[in-house]
Amino acid sequence: MEALKIEILNPKALQLIKEMQDLNLIKITEVPVSKLQSYLKKRRKNASSAPNLDEIANIVAEVRAERYGKK
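None of these values were measured; they are calculated from a predicted model.

A. The arrangement of a positive patch on the surface in detail. A contiguous patch of positive charge, built from Lys41, Lys42, Arg43 and Lys45, is present on the exposed surface. Mapped onto the secondary structure, Lys41 falls in helix H2 (residues 35–46).

Structure below.
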C-alpha cells in the first residue's frame with residue numbers, strides 16, 4: 001500500500017476521487033490537525049504577515065544561544 005498527500009485544485013477532481021472511493025479503488029483518510037497547527041493557523045490569519053520557517057528557525061537559534069550560551 002502506498003500513501004500520498006494530494007492537494008485538490010479543482011472541485012471536479014474531488015468528485016472523481018469520491019467516485020473512486022465508492023468503487024473501493026482508494027481509501028480516503030482525514031489527517032487530524034494538531035492543536036499547535038490550529039493555533040498557528042488562527043494566529044496567522046489575524047496577523048498582517050507571518051514568519052516563514054527559516055525566520056522561525058533563526059529566532060529559535062538566537063534564543064537558544066542566548067539562553068544556553070551564558071553558562
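B. Representation of the layout of surface pockets within the structure. What the largest pocket holds in volume is close to 770 Å³. Surrounding the largest pocket, 16 residues form its lining, Leu4, Ile6, Lys27, Ile28 and Thr29 being those nearest its centre. Partitioning the lining of the largest pocket into residue classes produces 11 nonpolar, 1 polar and 4 charged.

C. Layout of H2. Compared with an ideal rise of 1.5 Å per residue, which puts 12 residues at 16 Å, H2 spans 17 Å between its outermost C-alpha atoms and is within 8% of the ideal. Among the 12 residues of H2, 0 are classified as buried, and the element is accordingly described as predominantly exposed.

D. Representation of a nonpolar patch on the surface. Side chains of Met20, Leu23, Leu25, Ile26 and Ile28 sit close together on the surface and give an oily, nonpolar patch of about 450 Å² of accessible area. Taking the relative accessible area as the measure of exposure, Met20 reaches 35% and is therefore partly exposed.

E. A look at the environment of Ile6. Looking at the secondary structure, you find Ile6 in the segment before helix H1 (11–22). Residue class for Ile6 comes out exposed when judged on its relative accessible area of 60%. Taking C-alpha positions, Ile6 is 22 Å from Leu40, a pair spaced 34 residues apart along the chain.

Basis of the calculations
Residues numbered from 1 in each chain as written. Predicted model: local features only at pLDDT ≥ 70, side-chain atom pairs only at ≥ 80, totals over all residues. Heavy atoms only, no water. Patch = residues over 30% accessible without salt bridge, like charges linked within 9 Å, V, L, I, M, F, W, Y side chains within 5 Å. Areas by Shrake-Rupley, 256 points an atom, 1.4 Å probe, with all protein chains shown as cover. Salt bridge = Lys/Arg side-chain N within 4 Å of Asp/Glu carboxyl O. Lys, Arg positive; Asp, Glu negative; His and termini not counted. Charge placed at Lys NZ, Arg CZ, Asp CG, Glu CD. Helix = DSSP H or I, 4+ residues; strand = E, 2+ residues; numbered from the N terminus. 1 Å grid on protein atoms, 1.4 Å probe; cavity = no way out; pocket = protein on both sides within 12 Å on 5 of 7 lines; lining within 4 Å. Points joined across faces, edges and corners; volume = space filled by probe spheres on them. Nonpolar A, V, L, I, M, F, W, Y, C, P; charged D, E, K, R; others polar. Expected span 1.5 Å × (residues − 1). Buried < 20%, exposed > 50% of the residue type's maximum accessible area, 1.4 Å probe, protein only.

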